[in-house]
Amino acid sequence: MTDTPDISPIRSAVSKNLGARYRAELRFRAAGLAAVAAAVGILIVLLSSIVSGGLPAFTVNELELTVDLEREVIDPLGDGSEESLRRGGYSRVLQSAMRAEFPEVQARRDLRNLFSLYTALNATRLMDEVLENPGLIGSRHVFTMPLADDLDLYLKGLLVEDRVLDTDGALSLSVEGDAVTVRSSATDFRDLAGEFARTLRARATLLEVEADTLAERAEGLSGNDAEDMLYDAELNRRRALDIRATLERDAGPLALDASLPSVLVEVDGRAVALTSIAADGATASGRFLLGSEPVDAMSDWTLYVIDTPAERRRVSDQLIVWTRALEARGVISSAFNTYLFANADSREPELAGVKGALFGSILTMIITITISVPIGVFTALYLEEYAPKNRFTALIEVNINNLAAVPSIVFGLLGLAVFINAFGLPRSAPLVGGLVLSLMTLPTVIIATRAALKAVPQSIRQAALAVGASRTQTVFHHVLPLAAPGILTGSIIGLAQAMGETAPLLMIGMVAFIADAPTLGLEGFTQPATVMPVQIFLWSDGAERAFEARTAAAILVLLALMIGFNALAIYLRRRFERRW
Amino acid sequence: MTDAIHNPADELPIKVAARDVTVSYSGKQALHNVSIDIPDRSVTAFIGPSGCGKSTFLRCLNRMNDTIEGAKVGGSLTIDGQEINDKSIDPVVLRASVGMVFQKPNPFPKSIYDNVAYGPRIHGLALSRPELDEIVENALHKAGLWAEVSDRLAHPGTSLSGGQQQRLVIARAIAVNPEVILMDEPCSALDPIATARIEELIDELRENYCIIIVTHSMQQAARVSQQTAFFHMGNLVEYGPTEDIFTNPRDTRTQDYITGRFG
Amino acid sequence: MSIIAIVALAIIVMLAGAFYVGRSRAIAAVAGATAGLHSLPNYHGYYVAIWTGLPAFLLLAVYGMFGTPLVDRLTASELRRDAVVLTADFEAELVADTATRDLEEALTMLRARAAAITNSMADLRDASGSDRDPHRLEALGVEQTELVNQIATAEEARLARRNMLRDAVARAAAEDGASLRALAGFELVHAPRERRQLFLSDARRIATDGLASRSSDELDAAAAVMARHDTQMRNLFAGLALALAVAGLIRTRGQVAVAFRARNHVESLVTAMLFLSSVIAILTTVGIVFSLLFESIRFFSTVPLTEFLFGLQWSPQIALRADQVGQSGAFGAVPLFAGTAMITLIAMVVAVPIGLLSAIYLSEYAGPRFRLTAKPILEILAGIPTVVYGFFALLTVGPAIRSFFAMVGIDDVVTQSALSAGLVMGVMIIPFISSLSDDVINSVPQSLRDGSYAMGATKSETIGRVIMPAALPGIVGAVLLAVSRAVGETMIVVMAAGQGANLTANPLESVTTITVQIVMLLTGDQEFDSPKTLSAFALGLVLFVITLLMNVIALRVVQRYREKYD
């Protein structure tokens, strides 16, 4: 149409820059879509990072040890009384079971190392089992306990990079004193030696480059800084030279140290850590980590490489070898992590669970519900149905709106100053936590209830009043039941919010380490406790890496609870929704 | 309804022609096979009871129905012989040449000047500020508002009275110099004095534009229009010179409506 | 079962009985013709039951709240009375002790010298021209540090001496066969404040057969006293509650009559209860304001308001500093305000464009099905607890930022930075902004959109030139509310922003905020009267005032806007 001659001037004028305008339109639209996509994308990243971080914590590798519960060890007084059983040497029971697994471990240091496959706290768990079932005394009993956190991570493949290499030859081990010579009938070690040599060469080059950069920077400076840099540069050069010198020494064996990957040879129940690889690629020397007997030409063997160098990981080759051996013997098995739910907090990540926090949350929420819902509903009823329109009512309304925007941490300060310091209520208790959270939730409940009450049509009130009901009868017999679904939904959403709240509870001391779950009873309200979000906060700070997964797992539990609450709210809204 | 197609003012060229236009909203038919020829440089009034389809038809003329979800328009509609529902016709271009004034005055929350300059600005019609000033002044003159607002062009458009706001909206529409101006009950929210002002203005604008006005008031239709079309239940019942429709309606429905038996 | 529980049960039984009595008396009064009653029989029942149960239960609730502190206070005062003689001995000993006197004299002298040095330093700082001597100022500074250290040492010595004397008096008294209660009282009176609390709670645990943190004969004696008071209190409250219930029952039972307006009475009680509930909201605000103000005033009596608001150094932990007068640390809150402002700014830079654009897209462009899916997803973001965002920042965003900057060649980026906290906080606020803006955009009248489209404007032109200007006040209000939320947000910054009180404009460094410092100051061990603890309340007051102001302004703006279009 643009080329029609009798076109009106306005149409042709508009058509001229139409293209640019539509491009702008498209850009704007794309920006809008990108914003939505960004928000959704971030949510996906957030959830997937937490799910992937948390899932490993739902399984656990457990040691199933057969322990000898000898009467003289665990019942020192010999009367089978609780007092006597509490004094028993349960650690010794566990230790001897471990020693039975690895009889060749004798040195004190090695033994200590061996016992670090599990945490000593398990002795208490064994004691509890015996106390619960005294019939176990004197019997052989299969005791299940979680593997130490780092080794658990190792078995889940989260701690180190490792691989198993293919082998061609038959393997022989010969022993001379402490040293073991490993010989393969094929050049099974050649690729590894080449790889390590390349690594070392790259390292030397890197050091040289760094040295050059330092020297260059030093030129522009003077004084101590320049001298320090030059010194560092020289040091780097010398290290590089050392590395190169070792490499150039032709036909010499390649030494493996803690800065290189560990190479383990496993054969027939023995394990050898290689200390050097000979130039021929078929011979290597090493030391026994497991077993001590020579082997002659066995073709069934494993060449296992841990690529994360020993100096950059938290577990030694020795512990890994023991763990692998136990796994091969079927003593270690992976199972659903019941500790996560059956235990309260613990210093040891493998024994830490959310039970205490869960109970604390339940107790706190009970207080919050019993206070905030009735008071909130009553307030809303008063404001919506009874209150005269005067200054005081206006003040209350402004007040509620402002309270809704007060930062939650300020409610914590209020709790600390009023409930704890002025009223003398106990610190860290669900009672105080519940009180603080109910004050915080109150505005939400009030606002939701008022909206629900407003939605009830005036005609219903008029109808009730017209048949002679009093105002209170109208409200309680007609308006309130009709508004109930809305009130319920609003309250649940408010409570779900309160359940995820952390900051105010830190103020009133619910942030302490509490190893015992509070009792789910009246006295539980004043016992020290913590709640789910605070537990998450505490664990996120944990030094052990295993706490990372626990934190994510705890978050998943909390999110599941909150999703449950919100789903309930949505269900109730759908089920009872009424439109006028 | 082909018998409705005739040009009541034979001396004037046809501006808008509709053939078998149907409109449905989410499957519910709102307009049945409307065919009509509307002449240029005159005022054509659409009358009829509420819900009769007159506004719906009006909104077809600048494709405002596009903005409503689920609206479907069928049939053929031409302006100057060009099919406006054609894919090659851009609604933006169409709307620039077909101005519209709504029931309730809807000045934008901007100054009086910016309100009038809105169209020229978005369409890039003025190359310089003096040019834009001229367009704005012209449009305000044509809308008969210049004398009242020339000293306060920077005031917000919403600060004017209802009648002034409606004239401001008309000025906004004619600032881009359209070919057709659609008015959807432009006086229904105004008092009688403001209404009279607007009607005067419509009469003046007739010189240059094709004006189509939807109105509820038969008196208004009689006062301002040269042609009148009567709609009922989504059908165009009768169309002809205003005088004929009011003095000598052919259809009984038209007669019942203008004598006040329903509506 | 404790007597309180028995009484509570008894009252519940009485409650049911009271309802029955009220009801049946009302029926009896009209011989079964209930239509003759002014109020339905049930209302008579309710009336009697309420007056039987309510006062008694309120009393029990008061006991539940304040019983323990009351017993503690009674026990402490009794023990103190028992220890009067010992305390007097100790005071006399203290006055007579020459070592103490010497130390006190030395302290007075040292303090005077410190004050003199402070004055001359201040003079030097204000001096100009040739009087300005930086070397002398430095020398004075060194001397001041030295003096402050000496004062601390002397203070410690004095305390040690005092403790020694106290222990000696206690030992001598024990040998002389003083009562254990007197010894317990003496220990309680002269223990530091936080120890006193521990002493009492240990005594309580022993009295209730719980596990105490330590055991001693004195504690046992104190526990015996406490158990006595506890029982007395309990019996007193139980008896009173029972009496109240019986009195209520008897009184109201007599009132039941044909013309008695039981319903009106019950309804006015209900109304009163509803009114009292709504007063709680006010009480909460009053509680917040007073507790913050009260502690803040105490704080500002040691640290001047101007130093707090304009001081550039924040180090409440470090007690001794050369450039600080006294031992209270530095309480200049400007670094906290700056850190809060920076993180809030970053959060807004993320949240406002994304939130606003999504709201625009969802309300103006998206089809109904897309809207129905995308909106709940945004709401999920709003429902995620902040501690989860904090963990996300700590675990994912912080390291990602670090490796990103390492990739572009900036190596010394810390994981806990203003940037990572700000970004994550921005994400948290996106749904807040988008849902508020959505409301605002939807309340722009359709007629304005129609007007613009009819002029031939495209969608984006309509949005940019008509809808946004019209919605601007509402959007400003929404952003203000979002800022107030960002300022008050705690967990994300605690976990992701680090703790260094750096006054910096570099978002890659770790900064600290008002909320982080409140958490730092109030978690862990705290002495309640130290300026360190009190400063948390001053910060809380600042936070409260800022958020309140923003909220009031925002609500005003939004309300004006609503009025314009409603």
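Conventions we followed
Residues numbered from 1 in each chain as written. Chains lettered and ligands numbered in written order. Predicted model: local features only at pLDDT ≥ 70, side-chain atom pairs only at ≥ 80, totals over all residues. Heavy atoms only, no water. UniProt positions renumbered as here; feature names shortened; annotations may be inferred. Helix = DSSP H or I, 4+ residues; strand = E, 2+ residues; numbered from the N terminus. Rg over C-alpha atoms; globule rule 2.2 N^0.38 Å. Buried < 20%, exposed > 50% of the residue type's maximum accessible area, 1.4 Å probe, protein only. Contact = heavy atoms within 4.5 Å. Areas by Shrake-Rupley, 256 points an atom, 1.4 Å probe, with all protein chains shown as cover. Phe/Tyr/Trp six-rings, centres within 6.5 Å; stacked < 30°, edge-to-face > 60°. Lys NZ or Arg CZ within 6 Å of the ring centre and 35° of its normal. Buried area = accessible area lost by both parts, 1.4 Å probe. Salt bridge = Lys/Arg side-chain N within 4 Å of Asp/Glu carboxyl O. Polar contact = N/O pair within 3.5 Å; in protein donor to acceptor, adjacent residues only side chain to side chain. Nonpolar A, V, L, I, M, F, W, Y, C, P; charged D, E, K, R; others polar. Patch = residues over 30% accessible without salt bridge, like charges linked within 9 Å, V, L, I, M, F, W, Y side chains within 5 Å. Lys, Arg positive; Asp, Glu negative; His and termini not counted. Charge placed at Lys NZ, Arg CZ, Asp CG, Glu CD. Pairing = 2+ DSSP bridges. Axes fitted to C-alpha atoms, helices over the stretch in contact; angles between N-to-C directions. Domains from an automatic or database assignment. Left-handed = near helix turned anticlockwise from the far one by under 90°.

- The name given to chain C in an unreviewed UniProt entry is Phosphate transport system permease protein, with Maricaulis maris as the source organism.
- Under the UniProt heading Sequence similarities (unreviewed entry), the entry covering chain C gives this text: "Belongs to the binding-protein-dependent transport system permease family. CysTW subfamily."

- As annotated in an unreviewed UniProt entry, chain B is Phosphate ABC transporter ATP-binding protein (PhoT family) from Maricaulis maris.

## Structural notes on the overall build of chain B
Reasoning step 1: What chain B contains, in helices and strands, is ten helices and ten strands.
Reasoning step 2: The globule rule puts the C-alpha radius of gyration for 263 residues at 18 Å, and the 18 Å found for chain B is close to it.
Reasoning step 3: Across the 263 residues in chain B, those meeting the buried criterion constitute 57%.
Reasoning step 4: Across chain B, the fraction of contacts at a sequence separation of at least 24, relative to all contacts at a separation of at least 6, is 68%.
Reasoning step 5: For chain B, the exposed surface amounts to about 10600 Å²; the carbon and sulfur share of it is 48%.

## A look at the packing of aromatic side chains
Reasoning step 1: All told, the structure shown has 27 aromatic pairs over all chains when counted by the stated rule.
Reasoning step 2: Ring geometry for Y361 of chain C versus F370 of chain C: centroids 5.8 Å apart, planes at 75°, classification edge-to-face.
Reasoning step 3: Joined through ring pairs, the aromatic side chains of F299, F300, F308, W314, F331 and F337 of chain C make up one cluster.
Reasoning step 4: Over the ring of Y304 of chain A we find R324 of chain A, and its NZ or CZ is 3.6 Å from the ring centre.
Reasoning step 5: Between the NZ or CZ atom of R172 of chain B and the centre of the ring of F108 of chain B, over which it lies, the distance is 4.0 Å.

## Quick look at the interface of chain B and chain A
Reasoning step 1: Of the residues lining the interface, 16 residues belong to chain B; the matching set on chain A comes to twelve residues.
Reasoning step 2: The largest share of the area that chain B buries against chain A comes from Q82, V93 and H123 of chain B, three residues that together contribute 35% of it.
Reasoning step 3: Our enumeration of links across chain B and chain A arrives at one salt bridge.
Reasoning step 4: Of the charged contacts, one joins E179 of chain B and R11 of chain A as a salt bridge, the two residues approaching to 3.4 Å between their closest N and O atoms.
Reasoning step 5: Connecting chain B to chain A are seven residue pairs in polar contact (both at pLDDT 80 or more).
Reasoning step 6: Elements supplying a minimum of two residues to the side of chain B that touches chain A: α2 (91-97) and α3 (112-123) of chain B.
Reasoning step 7: Ranked by residues supplied to the side of chain B that touches chain A, first place goes to α2 of chain B with five residues.
Reasoning step 8: Grouping the amino acids of the side of chain B that touches chain A by side-chain chemistry returns nine nonpolar, five polar and two charged.

## Describing a negative patch on the surface
All names here are of chain A.
Reasoning step 1: Together, D225, E227, D228 and D232 line one region of the surface with negative charge.
Reasoning step 2: Here D232 lies in helix α10 (residues 223-248).
Reasoning step 3: A relative accessible area of 36% places D232 in the partly exposed class.

## A closer look at the interface of chain A and chain C
Reasoning step 1: If you look at the interface, chain A gives 73 residues, while chain C gives 79 residues.
Reasoning step 2: Buried surface at the junction of chain A and chain C, both sides included, amounts to about 6500 Å², of which 78% is carbon and sulfur.
Reasoning step 3: Across the contact surface, chain A and chain C share one salt bridge.
Reasoning step 4: In this structure, R21 of chain A and E461 of chain C form a salt bridge, with 2.8 Å as the shortest nitrogen-oxygen distance.
Reasoning step 5: Linking chain A with chain C are 13 residue pairs in polar contact (both at pLDDT 80 or more).
Reasoning step 6: Ranked by the residues each element gives to the side of chain A that touches chain C, the list is headed by helix α2 (residues 18-54) of chain A, at 20 residues.
Reasoning step 7: Partitioned by chemical class, the residues of the side of chain A that touches chain C number 53 nonpolar, 15 polar and five charged.

## Here's the deal with unusual backbone geometry
Residues and elements named next belong to chain B.
Reasoning step 1: The phi angle at D20 is positive, at roughly 50°, despite the residue not being glycine.
Reasoning step 2: By the element assignment, D20 lies in strand β1 (residues 14-25).
Reasoning step 3: By relative accessible area, which is 42% here, D20 ends up partly exposed.
Reasoning step 4: Its identity as a non-glycine residue notwithstanding, E185 has a phi of 45°, on the positive side.

## Brief notes about the sheet that holds strand β12 (residues 332-336) of chain A
Residue and element names in this part refer to chain A.
Reasoning step 1: One open sheet holds the three strands; their spatial order is β2-β1-β12, and the pairing between them is antiparallel. Edge positions in the sheet fall to β2 (140-146) and β12, since each of these pairs with one other strand and no more. Here the average twist between neighbouring strands, direction ignored, is 40°.
Reasoning step 2: With seven bridges joining them, strand β1 (residues 59-68) and β2 adopt antiparallel strand pairing. Note on β2: the bridge partner recorded for D68 is R140.

## Here we look at a nonpolar patch on the surface
Reasoning step 1: Together, F404, M407, V408 and I410 of chain C make up a nonpolar patch on the protein surface, roughly 420 Å² of accessible area in all.
Reasoning step 2: Position of V408 of chain C among the secondary structure elements: in the loop between α13 (386-407) and α14 (418-442).

## Looking at the pattern of salt bridges
Reasoning step 1: As enumerated under the stated definition, the model contains 44 salt bridges over all chains in all.
Reasoning step 2: Note that R237 of chain A and D212 of chain A form a salt bridge whose closest N and O atoms lie 3.0 Å from each other. Placement of the pair is R237 of chain A in helix α10 and D212 of chain A in helix α9 (residues 190-219), with a sequence separation of 25 residues.
Reasoning step 3: You can call R237 of chain A partly exposed: its relative accessible area is 32%.
Reasoning step 4: Overall, D212 of chain A belongs to the partly exposed group, its relative accessible area being 42%.
Reasoning step 5: One salt bridge connects R197 of chain B with E200 of chain B, and the closest N-O pair in it is separated by 3.8 Å. Within this pair, R197 of chain B and its partner E200 of chain B are both found in helix α7 (residues 192-205), separated by three residues, close to a single helical turn.
Reasoning step 6: For R197 of chain B, a relative accessible area of 28% puts it in the partly exposed group.
Reasoning step 7: Salt bridges sharing partners connect three or more residues here, namely R11 of chain A together with K15, D80 and E179 of chain B.

## Side note on the pairing of strand β9 (residues 227-232) of chain B
Side-chain positions along a regular strand alternate between the two faces of the sheet.
All names here are of chain B.
Reasoning step 1: The element β9 is largely enclosed, with a buried count of six among its six residues.
Reasoning step 2: Residues Q227, A229 and F231 of β9 are buried on one face, and the alternating residues T228, F230 and H232, pointing to the opposite face, are buried as well.
Reasoning step 3: With four bridges connecting them, strand β3 (residues 43-47) and β9 associate as parallel partners. Of the residues in β9, the one forming a bridge with T44 is Q227.

## Some details on the UniProt feature "transmembrane region" (unreviewed entry) in chain C
Residues and elements named next belong to chain C.
Reasoning step 1: Taking the numbering used here, the UniProt-annotated feature "transmembrane region" (unreviewed entry) corresponds to residues 48-71, 236-252, 272-294, 336-360, 380-401, 413-433, 463-483 and 534-558.
Reasoning step 2: Between the end C-alpha atoms of residues 272-294 the distance is 31 Å, and the span holds 100% helix and 0% strand.
Reasoning step 3: End C-alpha to end C-alpha, residues 413-433 measures 30 Å, and it is 76% helix and 0% strand.

## A word on the domain arrangement of chain C
Reports of interface size often rely on the accessible area that becomes lost once the parts have come together.
Reasoning step 1: The domains assigned to chain C are domain 1 (3-79 + 233-278) and domain 2 (314-565).
Reasoning step 2: Each of domain 1 of chain C and domain 2 of chain C has a C-alpha centre, and these two points are 50 Å apart.

## Here we look at the packing of α3 of chain B against helix α16 (residues 459-488) of chain C
Reasoning step 1: It is the contact of α3 of chain B with α16 of chain C, at a shortest axis distance of 12 Å, that shows an interaxial angle of 145°. Handedness of the crossing formed by α3 of chain B with α16 of chain C: right-handed. Every residue of α16 of chain C that contacts α3 of chain B at Y118, R121 and I122 of chain B is listed here: E461, T462, R465 and V466 of chain C.
Reasoning step 2: Of the residues assigned to the contact of α3 of chain B with α16 of chain C, the class counts are three nonpolar, one polar and three charged.

## Thoughts on the pairing of strand β5 (residues 179-184) of chain A
Residues and elements named next belong to chain A.
Reasoning step 1: Looking at chain direction, strand β4 (residues 171-176) and β5 are connected through six bridges and run antiparallel. Its bridge partner being in β5, E176 is matched across the sheet by A179.
Reasoning step 2: Taking the residues between adjacent antiparallel strands as the criterion, β4 and β5 are bridged by two residues, where G177 takes a positive phi near 65°.
Reasoning step 3: Across five bridges, the pairing between β5 and strand β9 (residues 283-290) is antiparallel. Within β9, the position partnered with T181 by the bridge is S285.

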